[in-house]
Structure formats: structure tokens, C-alpha cells
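Close look at the chain arrangement
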Amino acid sequence: MFTLHTTGTFEQDIKKSRFIAVAGPIESEQGAKDFLAAHSDPGANHNCFAWRLGQVYRFSDDGEPSGTGGKPILQAIDGQQLDGVAVVVTRWFGGILLGSGGLIRAYGGTAAMCLRAMAKMELVARVEARVTCVFSDHALVKSRLAASGDVRIEAEAFTATGAELVVALPEAEAATIIRMITDVTAGRATVVLKD
């Protein structure tokens, strides 16, 4: 599965109707609602949308015939193996009716072309861990974590004897990273996985 780095747009005219797709990453249902509110145009004829966040998804045809707007957009998201993504396709009617098939192709195609052109990043399953180390090992631990690639330091706090780091480790590499931190500090640093 993949997600998007940033927000992007794609625009095309189909039989005098203008279609603009805006796609971007989301992290929560509220984030999806905020994205839709920010990128829908109240002056347009229709703002069809779809978003997916894991097993949760929503879509809307916004007044277009049922199944011709939101569902094709969701299929474009799913077809490119995306998660944590919202897409709004806004239509300004140009006077020529497209029919159900034409609308499905227009909404789904505009969304798909927008998504295809955007930079994607692979979603990595992560586990949270707490790393406790003494002051003398702090710089070494941080540099080794940074060199491990996909490790994110979520929080850092200093104690009377050293530091505590809350880190997000790639699930597939967690055991290797924990062993490496223990080895480079000769067992002075402890790593505890969060339940």
C-alpha cells in the first residue's frame, strides 16, 4: 500500500464541462472532512469525492446520478493501492450531458490521472518503542537510529541520568534495530516495545 506525499491537482475539459481533481494525504476521518471542506468549490455544479483510511471509506456523488461520481473516484484510489488519501473532483457543467458511462469515465479518469501523476510513498507498518540511555550514549543512539533509515523519533525527554526517546520502528526491522542499539551501548541502553 502507498500514500501521497503532498496535495496535487489535475484538470481537464470533457465535452465543455470542466473537471478538476484535488488529491492529498489524510490521517483521520476529521482530516478527510477538513480536506473536503477546503477543496470543494461551492460555486461549482458538483463536488464528488472519495476517501480511504484503512478499512474506512466514504464517497459521494453530490447530486450526480447514483454511482457515477464518488464510486469511480474510490475505484481510482483503490486501483493504485492507495491508503490515507482523499480526492475531490469538482465539475462545472458545460451544457452537454455525458450520460452515466461518460460521467463514470470523467470522474474516475480525472481522479486516476491526478493520482498517477503524484509522488507516492510506501506505507510501512510500525511499532512504538521507548529507548532509555545515559547521557554519554545519547548522541550515539540518535545517530544510529537516524542511520537505520525508516526510524522516526516521535518524542525526546531528558531525565536526571540520561534521555528517553519514543521511536517508531519499522515492524519488519524492529528486532534488528533493538539488537543494534543494545550492542553499540554494551547493554547500557534499554529498548522496550509498547504493547
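Just above sits the structure.
Let me sum up the structure you'll find in this document. Keep in mind that this is a model prediction, so the values were computed, not measured.

The rules behind the values
Along every chain, residues carry numbers that run from 1 in the direction the sequence is written. Per-residue local features are limited, in this predicted model, to residues with pLDDT of at least 70; the limit for side-chain atom pairs, both in listing and counting, is 80 or more; totals at the level of whole chains, interfaces and linings are taken over all residues. The basis for the side-chain values is all heavy atoms of the structure; hydrogens and waters are excluded. Any two strands with at least two DSSP-identified bridges between them are counted as paired. Helical segments are the DSSP runs of H or I of at least four residues, strand segments are the runs of E of at least two, and each set is numbered from the N terminus. Lines fitted to C-alpha atoms define the axes, with helix axes restricted to the stretch in contact, and inter-axis angles between N-to-C directions lie between 0 and 180 degrees. We call two residues in contact whenever any of their non-hydrogen atoms come within 4.5 Å of each other. The salt bridge criterion pairs a side-chain nitrogen of Lys or Arg with a carboxyl oxygen of Asp or Glu, the two atoms within 4 Å. For every residue, the accessible area (1.4 Å probe, protein chains only) is compared with the maximum for its type, and the residue is labelled buried under 20%, exposed over 50%, or partly exposed between those bounds. These descriptions rest on fixed angle ranges, namely under 35 degrees for roughly parallel, over 145 for roughly antiparallel, 65 to 115 for roughly perpendicular, and the rest for oblique. Two helices that cross are described as forming a left-handed crossing if the nearer one is turned anticlockwise from the farther one by less than a right angle, and a right-handed crossing if clockwise. Just so you know the grouping, Ala, Val, Leu, Ile, Met, Phe, Trp, Tyr, Cys and Pro go in nonpolar, Asp, Glu, Lys and Arg go in charged, and all remaining residues, Gly too, go in polar.

In this section: the sheet that holds strand β10 (residues 162–170). In spatial order, the strands read β9-β10-β8-β11; together these four strands make up an open sheet with antiparallel pairing. Whereas interior strands pair on both sides, the edge strands pair on one side only; in this sheet they are β9 (152–158) and β11 (190–193). On average, each strand axis in the sheet is tilted by 20° relative to the strand beside it, whichever way the strands run. In terms of strand pairing, strand β8 (residues 126–134) meets β11 through four bridges, oriented antiparallel. Paired with A129 across the strands is L193, a residue of β11. Across the sheet, helix α5 (residues 174–184) lies against β8, β10 and β11, angled at about 155° from β10, the strand it touches most.

The subject of this paragraph is the pattern of salt bridges. Evaluated as defined, the whole model comprises nine salt bridges. Two residues, E64 and R91, come together in a salt bridge whose shortest N-O distance is 2.9 Å. Here E64 is found in the loop between β5 (56–60) and α2 (70–79), whereas its partner R91 is found in strand β6 (residues 85–92), with 27 residues between them in sequence. Judged by its relative accessible area of 4%, R91 falls in the buried class. Note that K194 and E128 form a salt bridge whose closest N and O atoms lie 3.4 Å from each other. With K194 in the segment after β11 and E128 in strand β8, this pair connects stretches of sequence that are 66 residues apart. Judged by relative accessible area, which is 34%, E128 ranks as partly exposed.

Here we come to the packing of helix α4 (residues 135–147) against α5. Here α4 crosses α5 at 150°, and the two axes come no closer than 10 Å. As far as their axial angle goes, α5 and α4 are roughly antiparallel. When the axes of α4 and α5 are compared, the crossing they make is right-handed. Residues L140, V141, R144 and L145 of α4 form the contact with α5, whose participating residues are I177, M180, I181 and V184. When its residues are assigned to classes, the contact of α4 with α5 shows seven nonpolar, no polar and one charged.

Secondary-structure assignment places T185 in the loop between α5 and β11. Overall, T185 belongs to the buried group, its relative accessible area being 0%. Non-local contacts of T185, meaning those with residues more than four positions away in its chain, are made with D137 and V141.

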